[in-house]
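Next come the chains, spelled out residue by residue.
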Amino acid sequence: IWTVVSCDVGQGDATAIRAGPQAAIVIDAGPDARLVARCLDQLEITQVPLLVFTHPHADHIGGVAGVVAGRRVGRVLFPTANPDAAGWRQLRAALAGATITLVSPGWVVVAGQARLTVLAEQNFVAPAVVTAESAEENDSSLILRVEVGGLRMVLAGDVQETGQSAAVAAVSDLGADVLLVPHHGSAHQSTAFLAAVHPQ
């Protein structure tokens, strides 16, 4: 039985966390609906009690239709940061009728056998023009911990050095067995953050 699956969605993130038979928490949706749909279909996922988006960039939200089509989706979670970003507007349109909850640090939810905790989020004041793939939006990503089947995993969207350093300062316990390396393993990493998570 699988516990966590990082879906092959090309340049982007989509992670499935087992929440029960044919059920998964899905964190981000990658850039391509066909790729994330293929992954969830292979896992025989028909129910998504929680659909979580870390931040509003295309390589994390573009595949949303592939998650929701043909599946029963419960709550949808967005960060509180930058609620007027173009990506969030696009998602709200794509998720018309869905229950959307804005979450912030300290927020905890249980879905089946999985427990999701929002560890950190760095708010920022959006300038008049925020580029589509801005560092500010990367650093405003939700930093999440998932606990399932005795495994602790941290997923941190695309946080870069500034967001990672803020998380180290704000969170007393970032420790986890597994880390989904932020920003797709780019060079924008804080050694202090990696040490604080200290993944195996």
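Details of the structure are given in the entry above.
Predicted model, so just to flag it, every value in this text is computed and none were measured. In this convention, every chain numbers its residues from 1, walking through the sequence in written order. Reporting in this predicted model follows two pLDDT cut-offs: at least 70 for local features of residues, and 80 or more for side-chain atom pairs to be given and counted; totals over whole chains, interfaces and linings ignore these cut-offs and use all residues. Note: side-chain values were computed over all heavy atoms of the structure, leaving out hydrogens and water.

1. Observations regarding the sheet that holds strand β10 (residues 151–155)
Sheets are built from strands paired through backbone hydrogen bonds, the pairs being either parallel or antiparallel.
Link 1 in the chain: Two strands qualify as a pair provided DSSP detects at least 2 bridges between them. Runs of H or I in DSSP of at least four residues are treated as helices and runs of E of at least two as strands, each being numbered from the N terminus. Spatially, the 5 strands line up as an open sheet ordered β7-β8-β9-β10-β11, and their pairing is mixed. The strands lining the two open edges of the sheet, one partner per strand, are β7 (108–111) and β11 (178–180). If you compare each strand with its neighbour and ignore which way they point, the axes differ by 20° on average.
Link 2 in the chain: Pairing between strand β9 (residues 143–148) and β10: 5 bridges, direction antiparallel. Bridging across to β10, glutamate 147 finds its partner in arginine 152. Helix axes are fitted to C-alpha atoms over the stretch in contact, other axes to C-alpha atoms as well, and angles between N-to-C directions run from 0 to 180 degrees.

2. A closer look at the state of the cysteines
A covalent bond bridging the sulfur atoms of two cysteines is what the word disulfide describes.
Link 1 in the chain: Counting rule for disulfides: a pair of cysteine sulfur atoms within 2.5 Å. Enumeration according to the criterion identifies 1 disulfide in this entry.
Link 2 in the chain: With a sulfur-sulfur separation of 2.0 Å, cysteine 7 is cross-linked through a disulfide to cysteine 39. Around the S-S axis, the bridge from cysteine 7 to cysteine 39 shows a dihedral of about -70° and counts as left-handed. Highlighted residues: cysteine 7 in the loop between β1 (4–6) and β2 (15–20) and cysteine 39 in helix α1 (residues 33–42), separated in sequence by 32 residues.
Link 3 in the chain: Looking at cysteine 39, the relative accessible area reads 8%, which means it is buried. Relative accessibility decides the category of a residue: with a 1.4 Å probe and only protein chains considered, values under 20% of the type maximum give buried, values over 50% give exposed, and everything between is partly exposed.

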